[in-house]
Protein chains: 2
Amino acid sequence: MSALNSAETLESLRKRIEVAAGRQEPDLVIKNCKIVSVDTHEIIEGDIAISDDKIAGIGEYDGPNVIDAGGQYAMPGFVEGHIHIESSFCTPEEFSRLVVPHGTTTAIADPHEITNVAGLDGFDYMVRAAEKSAMDIKFMLPSCVPSTGFENAGAVINAADMEEPMADAKTWGLAEFMNSVGVINCDDECLNKILVAKKNGKPIDGHSPSLMGQGLSAYASAGIHTDHECSTPEEALARLRNGMYVQLRQGSACDDLRNLLKCVTESNSRHCILCSDDRSCATMFEKGDLDDHLRICVEEGIDPITAVQMASLNAADCYGLKDRGSLTPGKKADVVLANDLKDFEITKVLIDGKLVAEDGKYLPEVVREDITPVMSSVRVKDFSKDSLKMRLKNGHVRTIGIIPGGVVTSEEIRDVKLDDDGDFVFDPAQDVAKIAVIERHKYTGNVALALISNYGIKRGAIALTVAHDSHNIICVGTNNDDMEVAVARLIVLGGGAVVVNDGEVLASLPLPVGGLMSDQSGESVRDSLADVHDKAFNVLGVSREVEPLMTLCFMSLPVIPKLKLTDMGLFDVDKFDFVDVQADSEE
Amino acid sequence: MSALNSAETLESLRKRIEVAAGRQEPDLVIKNCKIVSVDTHEIIEGDIAISDDKIAGIGEYDGPNVIDAGGQYAMPGFVEGHIHIESSFCTPEEFSRLVVPHGTTTAIADPHEITNVAGLDGFDYMVRAAEKSAMDIKFMLPSCVPSTGFENAGAVINAADMEEPMADAKTWGLAEFMNSVGVINCDDECLNKILVAKKNGKPIDGHSPSLMGQGLSAYASAGIHTDHECSTPEEALARLRNGMYVQLRQGSACDDLRNLLKCVTESNSRHCILCSDDRSCATMFEKGDLDDHLRICVEEGIDPITAVQMASLNAADCYGLKDRGSLTPGKKADVVLANDLKDFEITKVLIDGKLVAEDGKYLPEVVREDITPVMSSVRVKDFSKDSLKMRLKNGHVRTIGIIPGGVVTSEEIRDVKLDDDGDFVFDPAQDVAKIAVIERHKYTGNVALALISNYGIKRGAIALTVAHDSHNIICVGTNNDDMEVAVARLIVLGGGAVVVNDGEVLASLPLPVGGLMSDQSGESVRDSLADVHDKAFNVLGVSREVEPLMTLCFMSLPVIPKLKLTDMGLFDVDKFDFVDVQADSEE
């Protein structure tokens, strides 16, 4: 349906002017709106006249095709400022079905996960699938495949590989530059990737958790113009002062929005936009999408029109989407109706002048893109229980310390029990389990082992093929037998998540599309997820403080502090180097 | 010097990051600034580190090359939102010399005048001349050459003629679409011009005086995204509501700024920018440039940072100038220092990291582009006194009624004296004179005659080759003899302005560059202008209520109401057709 937003022709231009001038009947009139003017920051009562896929005029209009808004608020379609669609566990067509009824009509997507698994074939699959959705999804080209040289992903995309796809109109810009250290340290390959985007005049997204001071200036000076990794108001303000846009994040695992809103004022909000980053379909069913962000903004005392600006005009400005972002003549007819600007209960959504959602229901038929090119992605060599055995000298170890509610971890020093061969033995008295990362893209046979604390697991194992950003298999367990069963089942499923206890698979979520996304409906994913969560919490005893899967997803991501585990070993992000599990290894 | 703002290379990018990170010395540090942050709407104390032509970092920096701001305010270089450089009577190199010391570092220019005289050769001359200036001048391609079909200009540029220049990087967009009636009425040629700009993704400037309601929606729906012709706060607000940018104008003849500021609020100012449109060099010497606009904004109660935003970030946003508009890392190092944010007395101006003006003095050597291609533009056929004779049936006439302080005229009905042949005879008892427009581009021999009231002239004649937009010769006088002498002198000068009385040329301003611009300094132009004004006021008796030349400049412009005179006759802009000088002609 994106094709509806077609190139302007003499006929479409003429018709729109005729409609606006009142000389020709609109294709559709949305009557009796309270129009949220994000341009003038006011509410304007009137009708919206639509010609083809665009708004012709705002004022008094009539015609044979009318939607009577009955005094409801009309807002510009919401623009999701930064999302990894893969984290919904759904394909783009299904993602569209889930978020459009919540008012999201445009998304800036970074298909970083599928590209790390399947390279540019994965990128192209996402573009094709998105073309089958009602919403408009603009894809940024992943900048860090892999995110660092300290892990094996399914593909490597160098600066030279980017020349062709970046020049293509299907690529909207360069996706979040996660290797901020590489940029600040002037790594040639990093800078060359930036130059490819600059040469094509395309925006470059950032990713710089905790970065402040001259390091932040250096990062901004490279031309990186957004960041969605702020977790404090001070970090957000520092980025605004450096001329960057701040993407205020409210995802499934990261709920930074309320805290970040403390730095947002009427005077500095123009460079603030809303984003989800990683948002499971379960969260969408439970809380909605950008309508959820808007509710939170208003709850936190942000003026409702300012909140809507962040969800529309500001994001459109940020990404140079000149054809949308406000309900004004000539713009894309992406219109969201809601009863009020407090609960933001969305009643109708129009995209390109067509009604695509009503009372929470997505109206277009869901047509799915062929997933064959991104199937069969779990390629593991000679995996057996033996690979899971640790050989520690003593029980004085550093563990990856989970910090609930975020993706940053701590380094903890613990003393754990070992068996005679030096392998970790689970002790119910302390909250430490084994974590394994098994390479699954190119049959290297790599298996890395470490320990993780504060996850709460008391028995069995949990494993998944979604592990940012290389998406190797990540597995946490209390014993090698259950961990082996879990990994073996994932190989059979072609990816997904499984919960195992006493050698039995208790729950599973198959994700055959690149080992990241389901080929089923969001409802089916939600139910499987709920089952996985239920078994993880109630059988395995995983801590209620954490989200069992999403939390593990980030335990392999070597660009967010502090300790992470890749298929090549335990990684200290601050030192930007591997460290030993053995805590006294320096001695 | 614009070449300094060169394409990014690996070396320039690396150096800037190194400087920002504090690992390499900046090329220049501006120490101890109160930085006006247009991004966060606050004042930040700190230093500005410069690497090559760009800002590397804001914070604490040191190096061997320092400018100590001593606590002065540092602002982003000002962006002139819409100007016809020709109206300064100076060439681009000289214009740069005049405005840069006032903080203007970028201008969005519409070379409409020279292009109406010399076609695309005139456009190209302006681009070449601008490349020799310190400031960056972005040229919009004139959309209306001629502005209507009701006049003869020196060139005709159709939509088809625009394909090639619009695709060229030297063209920033489509200049003010003066024929708003043509757009609203869906004239094919107008719409095709718009399509050429859209196809190239370039901005389209507007020009829609008095337009409101569905006509305005129609104009905006065509994709026209600015207007500088607002004269009331209501008109300005209506444009903002239609998603357009409003260029708040303060020129030599039009002083709309104070009035328009009444509609500007903190919440709607982001789509407001500042412009001069037409500003004589004499005004620049007297009042400055955008610093003058800023003083007026603050006098009228606009927050000073909001005013600076309008002069920088907002204009950069409006025109997609992503490389400038704020003092943040990675942006062009265009910096303006001033003692305060009230008087805006500019002490230093840097462009591309180089000091280009200090205490009102422009520092670079002025190197001038060859003007040969735009000389010898006054081409008049067989002109004689006989051409100036009117043949009216009776003295009941409509006159072009000047309204002081603007460019809109009224229609007045007067009863004037005639001689035996029906020619107009000047009567000192009433303020009516003869006005002639003599075609001067292609030897058509066209001479159009009409009457003008409220100009105040009591004797002699005044003539000039600057007459928007076709720039035929316009001459006002009390007698045919003096009018003939004035026109003849203009032909000899190759263009300019002259004041004649009793057969004698009392004052003249030669404008040999297209009959529009001087090849001399701004000071020389100012002095000649002062002499022309002095003789116009003190000898000819022109009313002190009007600007003798600028007022006449607009008497030939058939797109601004109400009555105007082109070389083809008296034109009623509201009726969009010619009318008779004879008031009872309908009977």
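Let me sum up the structure you'll find in this document. Just so you know, these numbers come straight off a predicted model, no measurement behind them. (Residues numbered from 1 in each chain as written. Chains lettered and ligands numbered in written order. Predicted model: local features only at pLDDT ≥ 70, side-chain atom pairs only at ≥ 80, totals over all residues. Heavy atoms only, no water.)

### Section: the overall build of chain A
- Looking only at helices and strands, chain A features 16 helices and 30 strands.
- For chain A, whose C-alpha radius of gyration is 24 Å, the value lies close to the compact-globule estimate of 25 Å for 587 residues.
- The principal-axis extents of the C-alpha atoms in chain A amount to approximately 90 × 50 × 45 Å.
- A total of 587 residues make up chain A; the buried ones form 66% of that total.
- In the form shown here, chain A has an accessible surface area of approximately 18,500 Å², with 46% of it arising from carbon and sulfur atoms.
- For chain A, the distance from the average position of its 55 positive side-chain charges to the average position of its 95 negative side-chain charges is 1 Å. (Helix = DSSP H or I, 4+ residues; strand = E, 2+ residues; numbered from the N terminus. Rg over C-alpha atoms; globule rule 2.2 N^0.38 Å. Buried < 20%, exposed > 50% of the residue type's maximum accessible area, 1.4 Å probe, protein only. Areas by Shrake-Rupley, 256 points an atom, 1.4 Å probe, with all protein chains shown as cover. Lys, Arg positive; Asp, Glu negative; His and termini not counted. Charge placed at Lys NZ, Arg CZ, Asp CG, Glu CD.)

### Quick look at the relation of the copies chain B and chain A
- Its rotation angle being 180°, the transformation that places chain B on chain A also includes 0.0 Å of axial translation and leaves an RMSD of 0.0 Å. Such values leave the two copies arranged in the relation of a two-fold axis.
- Of all interface residues in chain B, 100% are interface residues in chain A too; the two copies therefore contact each other through one and the same surface. (Least-squares fit on C-alpha atoms with pLDDT ≥ 70 in both. Contact = heavy atoms within 4.5 Å.)

### With respect to the state of the cysteines
- Throughout the structure, instances matching the rule amount to zero disulfides over all chains.
- Among the cysteines around cysteine 230 of chain A, which has no disulfide bond, cysteine 263 of chain A carries the closest sulfur, lying 7.8 Å off. (Disulfide = S-S within 2.5 Å.)

### Here's the deal with the sheet that holds strand β23 (residues 447-453) of chain A
All names here are of chain A.
- Reading across the sheet, the eight strands line up as β19-β18-β23-β22-β25-β24-β26-β27 and stay open at both edges, with mixed pairing between neighbours. The open sheet terminates on both sides in strands that have one partner only, identified here as β19 (409-415) and β27 (504-510). Each adjacent strand pair in this sheet contributes to an overall mean axis angle of 25°, direction not counted.
- Taken together, the six bridges between strand β26 (residues 496-501) and β27 define a ladder with antiparallel strand orientation. From the neighbouring strand, alanine 497 faces β27, where its bridge partner is leucine 509.
- Against the sheet, helix α14 (residues 480-493) engages β22 (432-438), β24 (461-464), β25 (473-477), β26 and β27, with an angle of about 150° to β26.
- Where helix α15 (residues 522-538) meets the sheet, it contacts β24, β26 and β27, and its direction lies at approximately 145° from that of β27. (Pairing = 2+ DSSP bridges. Axes fitted to C-alpha atoms, helices over the stretch in contact; angles between N-to-C directions.)

### Describing the interface of chain B and chain A
- On the side of chain A, 57 residues touch chain B, which itself brings 57 residues to the contact.
- Between chain B and chain A the total buried area reaches about 4,500 Å² when both faces are included, carbon and sulfur atoms providing 53% of it.
- Connecting chain B to chain A are eight salt bridges.
- Residue aspartate 317 of chain A is joined to arginine 270 of chain B by a salt bridge in which the shortest nitrogen-to-oxygen separation is 3.1 Å.
- Put simply, chain B and chain A have 20 residue pairs in polar contact (both at pLDDT 80 or more) between them. (Buried area = accessible area lost by both parts, 1.4 Å probe. Salt bridge = Lys/Arg side-chain N within 4 Å of Asp/Glu carboxyl O. Polar contact = N/O pair within 3.5 Å; in protein donor to acceptor, adjacent residues only side chain to side chain.)

### Notes on the pairing of strand β28 (residues 563-566) of chain A
All names here are of chain A.
- Neither face of β28 is exposed, since Leu563 and Leu565 on one face and Lys564 and Thr566 on the opposite face are all buried.
- Note that β28 and strand β29 (residues 569-572) share four bridges and pair antiparallel. When the bridges of β29 are listed, threonine 566 appears paired with glycine 569.

### Topic: the sheet that holds strand β9 (residues 171-177) of chain B
All names here are of chain B.
- Pairing is parallel across the open sheet formed by five strands, whose spatial order is β6-β7-β8-β9-β10. Unpaired on one side and paired on the other, β6 (78-83) and β10 (204-206) mark the two borders of the sheet. Each adjacent strand pair in this sheet contributes to an overall mean axis angle of 30°, direction not counted.
- Strand direction decides the pairing type here: β6 and strand β7 (residues 104-109), joined by four bridges, are parallel. Counterpart to phenylalanine 78 in the pairing with β7 is threonine 104.
- Seen against the sheet, helix α6 (residues 188-199) touches β9 and β10 and runs at an angle of roughly 155° to β9.

### Points about helix α11 (residues 290-299) of chain B
- Summarising burial for α11 of chain B: eight of the ten residues are buried, a large majority.
- Listed in full, the buried residues belonging to α11 of chain B are Leu290, Asp291, Asp292, His293, Leu294, Ile296, Cys297 and Val298 of chain B.

### Examining the side chain of glutamate 18 of chain A
- Inspection of the secondary structure assignment puts glutamate 18 of chain A in helix α1 (residues 10-20).
- Relative accessible area serves as the criterion here: at 16%, glutamate 18 of chain A is assigned to the buried category.

### Here's the deal with the packing of α1 of chain A against helix α7 (residues 213-221) of chain B
- The contact between α1 of chain A and α7 of chain B brings their axes to 8 Å, and the two run at 160°. By the angle between their directions, the pair α1 of chain A and α7 of chain B is classed as roughly antiparallel. Here α1 of chain A runs over α7 of chain B; the crossing is right-handed. Packed against α1 of chain A, whose contacting residues are Arg16, Ile17 and Ala20 of chain A, the element α7 of chain B presents Gln214, Ser217, Ala218 and Ser221 of chain B at the interface.
- Across the contact of α1 of chain A with α7 of chain B, the residue classes break down as three nonpolar, three polar and one charged. (Parallel < 35°, antiparallel > 145°, perpendicular 65-115°, else oblique. Left-handed = near helix turned anticlockwise from the far one by under 90°. Nonpolar A, V, L, I, M, F, W, Y, C, P; charged D, E, K, R; others polar.)

### Quick notes on the environment of methionine 517 of chain B
Residue and element names in this part refer to chain B.
- For methionine 517, the position within the fold is in the loop between β27 (504-510) and α15 (522-538).
- In the structure, methionine 517 is positioned 143 residues away from valine 374 in sequence and 9.9 Å away in space, judged by C-alpha atoms.
- Those residues in contact with methionine 517 that lie beyond four places of it in its chain are Glu86, Phe89, Cys90, Thr91, Ile114, Tyr125, Met126, Leu511 and Pro512.

### Here's the deal with α14 of chain A
Residue and element names in this part refer to chain A.
- A rise of 1.5 Å per residue sets the reference length of α14, with its 14 residues, at 20 Å; its end C-alpha atoms lie 20 Å apart and thus fit the reference within 8%.
- Among the residues making up α14, those that are buried are Asn480, Asp482, Met483, Ala486, Val487 and Leu490. On an axial view of α14, the arc spanned by its buried residues comes to 165°, and they lie on one face.
- Where the residues of α14 are buried, they touch β22, β24, β25 and β26.
- Its side-chain oxygen 3.2 Å from the backbone nitrogen of aspartate 481, asparagine 479 forms the N-cap of α14.
- Of the residues one or two after α14, glycine 494 is the one with positive phi, at around 75°. (Expected span 1.5 Å × (residues − 1). Arc of directions from axis to C-beta.)

### Observations concerning the packing of helix α6 (residues 188-199) of chain A against helix α1 (residues 10-20) of chain B
- Between α6 of chain A and α1 of chain B, the least distance of the axes is 10 Å, while the angle of their chain directions is 115°. Considering how the two elements wind past one another, α6 of chain A and α1 of chain B form a crossing that is right-handed. Contact with α6 of chain A, carried on its side by Asp188, Leu191, Asn192, Ile194, Leu195 and Lys198 of chain A, involves Leu10, Leu13, Arg14, Arg16 and Ile17 of chain B of α1 of chain B and no other residues of that element.
- Taken together, the residues that form the contact of α6 of chain A with α1 of chain B break down as six nonpolar, one polar and four charged.

From the geometry alone we can't say anything about function, so treat these as descriptive.
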